[in-house]
Amino acid sequence: MSTPSPPSSTPPPWPYCGRGAAPAADIIGCRGIRVQGHTACLAHLASTDRYAYLYALAPGANIDHRGTTFTQDLLNRLLNALRDPTTGHPRAGDAKFESATFEDDAKFESVTFEGDAKFGSAIFKGDAWFQSANFEGDASFGLATFEGDVDFGSAIFKGDAKFASATFKRYAEFRWATFKAIAKFGWATFEDSAVFKRVTFESDAVFELAAFERHTLFGSATFEGDASFRRATFKAIAWFRRATFKANTCLRGATFEGDADFGSVTFEGDADFGFATFRGNAEFGYRRGEPASE
């Protein structure tokens, strides 16, 4: 069992709570951003002040809880304060959760983010549920760590979706999701199965140098923009059967340690497999063209 890293001595770039600071252990203390008008973060506010803050929120409000630690109860209270009575689902404006820690399951299913949703460097210690979430601005999950299962099934990303260098330690589900702008998964690590079946990428999809350590499923996915898996690593089954690539596709330098299935795949643009390595069984059954270079 690894030893936890000591707390950083670098303070965050926002006015932070500081509760629990101790010279010998953690000179910074709680890194949660202070709720406006208070000296504590949402997690450490006095109950009466927290109630007043949540009561004043309305659907579509901007929220800023960078560095804050959320229990499931606290997150539920926040989302309930943003719940739109006409739809029954929470609705937020700009949502800042950078470097936040979610101690329990984080349930964001059917939430609408009308502005940018920022979860960069956040830590999800339980399951993260974003099924049918609607991201109308950019969605930023770069450097986030998902320690439990992740479900973005049927989510809609209207702005850029940024998952660069994110770590998915358990099952990651994106089935039926729609990416209307650029999807950035470069340098992401999937330590368990990654499911992108029937996903639609309406713009470029970037998986350069991504690491897929278990089964990876892109079956029946549609790539309408350029798709890059340059130097990506697939350590188990890589399933692309019936996927459609409408623009250019780059798998140059990709490594397939397990079986690779490209049966009934459609490449409408150039497909570059140059210097790709196949160590397991590989099945190819292209339609409408052959790879431009192999």
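Residues numbered from 1 in each chain as written. Predicted model: local features only at pLDDT ≥ 70, side-chain atom pairs only at ≥ 80, totals over all residues. Heavy atoms only, no water.

S.K.: I'd love a proper account of the overall build of the protein, names of residues and values included.
M.R.: In terms of regular secondary structure, the protein is built from 2 helices and 37 strands. Scaling as 2.2 N^0.38, a compact globule of 294 residues should have a C-alpha radius of gyration of about 19 Å, and the protein matches this with 21 Å. With respect to the principal axes defined by its C-alpha atoms, the protein has extents near 65 × 50 × 25 Å. Scored against the burial criterion, the 294 residues of the protein give a buried share of 49%. For the protein, the accessible area works out to roughly 13,300 Å², and carbon and sulfur atoms hold 46% of it. In the protein, the 32 positive side-chain charges and the 38 negative ones have mean positions that sit 2 Å from each other. (Helix = DSSP H or I, 4+ residues; strand = E, 2+ residues; numbered from the N terminus. Rg over C-alpha atoms; globule rule 2.2 N^0.38 Å. Buried < 20%, exposed > 50% of the residue type's maximum accessible area, 1.4 Å probe, protein only. Areas by Shrake-Rupley, 256 points an atom, 1.4 Å probe, with all protein chains shown as cover. Lys, Arg positive; Asp, Glu negative; His and termini not counted. Charge placed at Lys NZ, Arg CZ, Asp CG, Glu CD.)

S.K.: Tell me about the nonpolar core, and please be specific about residues and values.
M.R.: With 84 residues, the main nonpolar core has Phe 102, Phe 108, Phe 119, Phe 135, Phe 141 and Phe 229 as its most contacted residues. For this core, the secondary structure elements donating two or more residues are helix H1 (47-56), helix H2 (72-81) and strand E34 (260-267). Considering each element in turn, this core owes the most residues, 5 residues, to H2. Excluding residues within four positions of it along the chain, Phe 141 makes contact with Phe 119, Gly 120, Phe 124, Phe 130, Phe 135, Phe 146, Phe 152, Lys 162, Phe 163 and Ala 166. (Core = buried A, V, L, I, M, F, W, Y, C linked by side-chain atoms within 4.5 Å. Contact = heavy atoms within 4.5 Å.)

S.K.: Summarise the packing of aromatic side chains; cite the residues concerned and give the values.
M.R.: Summed over the entire model, instances satisfying the criterion amount to 77 aromatic pairs. A ring pair is formed by Phe 108 and Phe 119, whose centres lie 5.4 Å apart and whose planes are at 85 degrees; its orientation type is edge-to-face. Here Phe 108 is found in the loop between strand E6 (106-107) and strand E7 (112-113), whereas its partner Phe 119 is found in the loop between strand E8 (117-118) and strand E9 (123-124), with 11 residues between them in sequence. Of the two residues, Phe 108 and Phe 119, both sit in the buried class. Plain terms: the ring middles of Phe 157 and Phe 179 are 4.6 Å apart, the flat faces sit at 0 degrees to each other, and that makes the pair stacked. Note that Phe 157 is positioned in strand E15 (residues 156-157) and Phe 179 in strand E19 (residues 178-179), a separation of 22 residues in sequence. Classification of Phe 157 by relative accessible area gives buried; the value is 1%. When the ring centre of Trp 239 is taken as origin, the NZ or CZ atom of Arg 241, which lies over that ring, is 5.6 Å away. (Phe/Tyr/Trp six-rings, centres within 6.5 Å; stacked < 30°, edge-to-face > 60°. Lys NZ or Arg CZ within 6 Å of the ring centre and 35° of its normal.)

S.K.: I'd like to hear about the pattern of salt bridges, residue by residue, with values.
M.R.: Pairing of side chains with opposite charge becomes possible as their charged atoms draw close. Tallied over the full model, the rule gives 16 salt bridges. Measuring nitrogen to oxygen at the nearest pair gives 2.7 Å for the salt bridge that ties Arg 66 to Asp 64. Here Arg 66 falls in the buried class, since its relative accessible area comes to 18%. Look at Asp 64 and you get partly exposed, because its relative accessible area is 25%. Between Arg 91 and Asp 84 there is a salt bridge; the shortest N-O distance is 3.1 Å. The exposure class assigned to Arg 91 is partly exposed, which follows from its relative accessible area of 24%. (Salt bridge = Lys/Arg side-chain N within 4 Å of Asp/Glu carboxyl O.)

All we've got here are geometric facts, nothing functional implied.
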